[in-house]
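Per-entry structural report
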Amino acid sequence: MDTTDSRSADSQLSPQRVRIDLAERSYDILIGAGLLGREDSYEGLPAGGTAVIVTNTVVAPLYLDRLTATLSRRHTRVLHVVLPDGEAHKDWQTLQLIFDALLASACDRKTVLYALGGGVIGDMTGFAAASYMRGVPFVQVPTTLLAQVDSSVGGKTAINHPQGKNMIGAFYQPLRVICDLETLQTLPDRELSAGLAEVIKYGPIADMAFLAWIEDHIDALVRRDPVALAQAVKRSCEIKALVVGQDERESGLRAILNFGHTFGHAIEAGMGYGAWLHGEAVGCGMVMAARLSEALGRVDSRFVSRLRSLVERAGLPCVAPVLDPDDNAGRWLSLMRVDKKAEAGEIRFVVIDPPGRAVMCPAPDATVARVIAASSHA
Ligand code: NAD
Ligand code: GLY
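Conventions and cut-offs
Residues numbered from 1 in each chain as written. Chains lettered and ligands numbered in written order. Predicted model: local features only at pLDDT ≥ 70, side-chain atom pairs only at ≥ 80, totals over all residues. Heavy atoms only, no water. Helix = DSSP H or I, 4+ residues; strand = E, 2+ residues; numbered from the N terminus. Buried < 20%, exposed > 50% of the residue type's maximum accessible area, 1.4 Å probe, protein only. Areas by Shrake-Rupley, 256 points an atom, 1.4 Å probe, with all protein chains shown as cover. Lys, Arg positive; Asp, Glu negative; His and termini not counted. Charge placed at Lys NZ, Arg CZ, Asp CG, Glu CD. Contact = heavy atoms within 4.5 Å. Axes fitted to C-alpha atoms, helices over the stretch in contact; angles between N-to-C directions. Parallel < 35°, antiparallel > 145°, perpendicular 65-115°, else oblique. Left-handed = near helix turned anticlockwise from the far one by under 90°. Nonpolar A, V, L, I, M, F, W, Y, C, P; charged D, E, K, R; others polar. Near = heavy atom within 4 Å. Polar contact = N/O pair within 3.5 Å; in protein donor to acceptor, adjacent residues only side chain to side chain.

Notes on the overall build of the protein chain
Assigned secondary structure in the protein chain consists of 13 helices and 11 strands. Classification of the 378 residues of the protein chain by burial places 57% in the buried group. For the protein chain, the accessible area works out to roughly 14700 Å², and carbon and sulfur atoms hold 51% of it. Placing the 38 positive and 44 negative side-chain charges of the protein chain at their respective mean positions leaves the two points 3 Å apart.

Details of the environment of Asp21
Mapped onto the fold, Asp21 is located in the loop between strand 1 (16–20) and strand 2 (27–32). Relative accessible area serves as the criterion here: at 55%, Asp21 is assigned to the exposed category. The sequence separation of Asp21 and Leu79 amounts to 58 residues, and the corresponding C-alpha distance is 31 Å. Those residues in contact with Asp21 that lie beyond four places of it in its chain are Ser26 and Gly245.

Quick look at the packing of helix 6 (residues 189–206) against helix 8 (residues 226–246)
It is the contact of helix 6 with helix 8, at a shortest axis distance of 10 Å, that shows an interaxial angle of 45°. When the axes of helix 6 and helix 8 are compared, the pair comes out oblique. Of the two possible hands of crossing, helix 6 and helix 8 adopt the one that is left-handed. Of the residues in helix 8, those touching helix 6 at Val199, Tyr202 and Ala206 are Ala232, Ser236, Ile239 and Lys240. Per-class residue counts for the contact of helix 6 with helix 8 are five nonpolar, one polar and one charged.

Some points on the site of ligand 2
By nearness alone, every residue bordering ligand 2 is listed as Asp150, Lys156, Lys240, Glu250, Arg254, Leu257 and Asn258. Within the side chain of Lys156, an N or O atom sits 2.8 Å from an oxygen atom of ligand 2. Here an oxygen atom of ligand 2 and a side-chain polar atom of Lys240 are 2.6 Å apart. Compared with its free state, where it exposes 190 Å², ligand 2 has 90% of that area covered by protein. Considered class by class, the residues forming the shell around ligand 2 number one nonpolar, one polar and five charged.

Examining the site of ligand 1
Taken together, 28 residues lie around ligand 1, and Asp85, Glu87, Lys90, Thr143 and Thr144 are the ones closest in. At 2.9 Å from a nitrogen atom of ligand 1 is found a side-chain nitrogen or oxygen belonging to Asp123. In this structure, an oxygen atom belonging to ligand 1 sits 3.2 Å away from a side-chain N or O atom of Asn166. Secondary structure elements with two or more residues in the shell around ligand 1: helix 2 (60–72), helix 4 (119–131), helix 5 (145–151), strand 8 (164–171) and helix 6. A class-by-class count of the residues in the shell around ligand 1 yields eight nonpolar, 10 polar and 10 charged.

Below is the structure:
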């Protein structure tokens, strides 16, 4: 991490490009202010034919006109699919609305889908693109911090099942990711904090210099300083691109990107999708995973305190919710056994060993239960 960037604020805000290297599925992530309305952001993407912008009722009034205006100069027709907002709608019924609209408008195989929104829209549009007519091209236009630093990059697409998060989906890469940093200025504070959880994640798993940089800049990030946000998005995307470039379909290494997610997904499913934001659950989940790393002798208590303090400064919850007053640990464990990383019913956790590196390992139920109990009070 370049922590002593001496370039001017203007040059740090000029568009940046991060390449994700996946042979014939390689693509660029563009990062900059105002990219949504700039024609050069779309150069080289398929033109002519139909573009379908998939978005939701919150994002549409903010950015749909701007994207439509730019795409109208490239495509013969630009259609809109406006979905209900929120994690609770990341399901079959809502996905079906996309297919209904594509078929009703006779969209062919050359139709390009544009996902305009946060991770929910990106994941659902990507899954629709992967499966409509067995695959049509799509572009990610992420408008939340979480989507810009994580979900729009790497080709994981999915919907939720009542029994588990992101259980139905496909690996399907976009043609490009266009991160317009200006869109982050309209994000609710709680959503900005949720995105910071995924930014923080990259430090412990891959780059302790980045963790130190985040600690130094967390106040600037929380107040949405454009230069700090640009650097955070760029470094996060660089780390994610490196990991995904080595393990696109998560046969091993990519699982480290799920640091905090095993606990986090249990919170989301256990509390009901949408009650905790994904990033909030990941923030709390990372503190729990750090505690587990300590319990397994992989890190010391200073590391746990350091991470917890940063997660708190980002405005994220650190106290684990009670998922079942009668058998809390039992409920947590049963939810975590549905995690995609579980093998033959054995939960596999991402633990830090040592700080800056992550590994996968199982843990005894009794140890996990102690971590849950220790995390359930302030
Ligand atoms: P989200 O998509 O629900 O967006 C959060 C909220 O912000 C929504 O209400 C949305 O409408 C609103 N919003 C979006 N952009 C806005 C803007 N610019 N201004 C104002 N409001 C705006 O949530 P999210 O945090 O972006 O994404 C979470 C989802 O991403 C989860 O479903 C999670 O599973 C998924 N995810 C996927 C991956 C992956 O690799 N595919 C990685 C991480 C998370
Ligand atoms: N967010 C985890 C991954 O993309 O693998």
